[in-house]
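Examination of the molecular architecture
Given next are the chains, with one letter for each unit.
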Amino acid sequence: QVQLVESGGGLVQPGGSLRLSCAASGLIFRVYDMGWYRQAPGKQRELVASITKGGSTNYADSVAGRFTISRDNAKNTVYLQMNSLKPEDSADYYCNAALSSWVDYWGKGTLVTVSS
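Residues numbered from 1 in each chain as written. Predicted model: local features only at pLDDT ≥ 70, side-chain atom pairs only at ≥ 80, totals over all residues. Heavy atoms only, no water.

1. Looking at the sheet that holds strand S1 (residues 3–7)
This is how the line gets drawn: A pair of strands counts as paired when DSSP detects no fewer than two bridges linking them. Helix numbers and strand numbers start at the N terminus; a helix is a DSSP run of H or I with at least 4 residues, a strand a run of E with at least 2. Lines are fitted to the C-alpha atoms to define the axes, a helix being fitted only along its stretch in contact, and any angle between axes, read from their N-to-C directions, falls within 0 to 180 degrees.
The four strands are arranged S1-S3-S8-S7 in an open sheet whose pairing can be described as antiparallel. Edge strands, defined here as strands with exactly one partner in the open sheet, are S1 and strand S7 (67–72). Neighbour-to-neighbour, the strand axes of the sheet open up by a mean angle of 15°, direction not taken into account. In this structure, S7 lies alongside strand S8 (residues 77–82), joined through six bridges in antiparallel fashion. Its bridge partner being in S8, Phe 67 is matched across the sheet by Met 82.

The structure is reproduced here in structure tokens:
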């Protein structure tokens, strides 16, 4: 059974940092493209950052230069380092593992709140 478990969310002040982790199990992690998505109340889920199985990365314009996605295949874990956080970064953050367009898995999310 595939499981993706996010952790690292919480309350942080504007300008602060958080590192999210997503631990994967039940799949061959190294062959999956991994992504972080977020969804704020009343908004659609959006892609924040992704990393292919080969290590290529992609970022939403709104987070480029502030967030960094990485993966550790030995630990079956993908990370999202978030710096210079803004209130508009507040959302539920979800981990996604994609093998193809029709085979993917989601975690249950971790809440990030940026507020003073």
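2. Some points on the pattern of salt bridges
Operational definition: Salt bridges are counted wherever a side-chain nitrogen of Lys or Arg sits within 4 Å of a carboxyl oxygen of Asp or Glu. Note on exposure labels: buried denotes an accessible area under 20% of the residue type's maximum, exposed denotes more than 50%, and partly exposed covers the range between, all computed with a 1.4 Å probe on protein chains only.
Applying the stated criterion to the full structure yields three salt bridges. Among the ionic pairs, Arg 38 bridges to Glu 46, the shortest N-O distance being 2.7 Å. The exposure class assigned to Glu 46 is partly exposed, which follows from its relative accessible area of 35%. Asp 89 is the partner of Arg 66 in a salt bridge, and the nearest nitrogen-oxygen pair spans 2.8 Å. Here Arg 66, found in the loop between strand S6 (57–59) and S7, pairs with Asp 89, found in the loop between S8 and strand S9 (91–98); they are 23 residues apart in sequence, far enough to count as distant. No difference in accessibility class separates Arg 66 from Asp 89, as the two residues are buried.

3. Looking at the nonpolar core
As a reminder, the rule being used: Put simply, buried Ala, Val, Leu, Ile, Met, Phe, Trp, Tyr and Cys residues joined by side-chain atoms within 4.5 Å make one nonpolar core. Two residues form a contact once any of their heavy atoms are found within 4.5 Å.
Formed by 29 residues in total, the largest nonpolar core has its most connected members in Met 34, Trp 36, Val 78, Leu 80, Met 82 and Tyr 93. When contributions to this core are tallied by element, the ones reaching two or more residues are strand S3 (18–25), strand S4 (33–39), strand S5 (46–51), S7, S8, S9 and strand S11 (110–114). Ignoring anything within four residues of it in the chain, the contact list for Val 78 reads Leu 20, Ser 21, Cys 22, Phe 29, Met 34, Trp 36, Ile 51, Ile 69, Ser 70, Arg 71 and Cys 95.

4. Quick look at the packing of aromatic side chains
Pairs of aromatic rings are described using the distance from one ring centre to the other and the angle between the two planes. Threshold: Stacked, edge-to-face and tilted are the three classes for Phe, Tyr and Trp ring pairs, Trp counted by its six-membered ring, which pair at centre distances within 6.5 Å; planes under 30 degrees apart are stacked, over 60 edge-to-face, the rest tilted. The criterion for a charge sitting over a ring is simple: Lys NZ or Arg CZ within 6 Å of the ring centre, and within 35 degrees of the ring normal.
Evaluated as defined, the whole model comprises two aromatic pairs. Relative to Trp 106, the ring of Tyr 37 has its centre 4.8 Å away and its plane inclined at 65°; by these criteria the two rings are edge-to-face. In this pair, Tyr 37 sits in strand S4 while Trp 106 sits in strand S10 (residues 104–106), placing the two residues 69 residues apart along the sequence. A residue is classified by how much of its surface remains accessible, and Tyr 37, at 22% relative accessible area, is partly exposed. Given a relative accessible area of 36%, Trp 106 falls into the partly exposed group. The positively charged end of Arg 71 is found above the aromatic ring belonging to Phe 29, 4.6 Å away from the centroid.

5. Quick notes on the side chain of Arg 71
Convention followed: Positive charges come from Lys and Arg alone, negative charges from Asp and Glu alone, with His and the N- and C-terminal ends not counted. For the purposes of these results, a polar contact is taken to be a pair of N or O atoms within 3.5 Å, where, inside protein, one atom must be able to donate a hydrogen and its partner to accept one; residues adjacent in sequence count only when each atom of the pair is a side-chain atom.
Turning to its location among the elements, Arg 71 is positioned in strand S7. For Arg 71, which is buried and forms no salt bridge, the nearest opposite charge comes from Asp 33, at a distance of 5.2 Å. A distance of 2.9 Å separates the side chain of Arg 71 from the side chain of Asn 73, its partner in a polar contact. Setting aside its immediate chain neighbours within four residues, Arg 71 contacts Phe 29, Arg 30, Tyr 32, Asp 33, Met 34, Ile 51, Thr 52, Lys 53, Thr 77 and Val 78.

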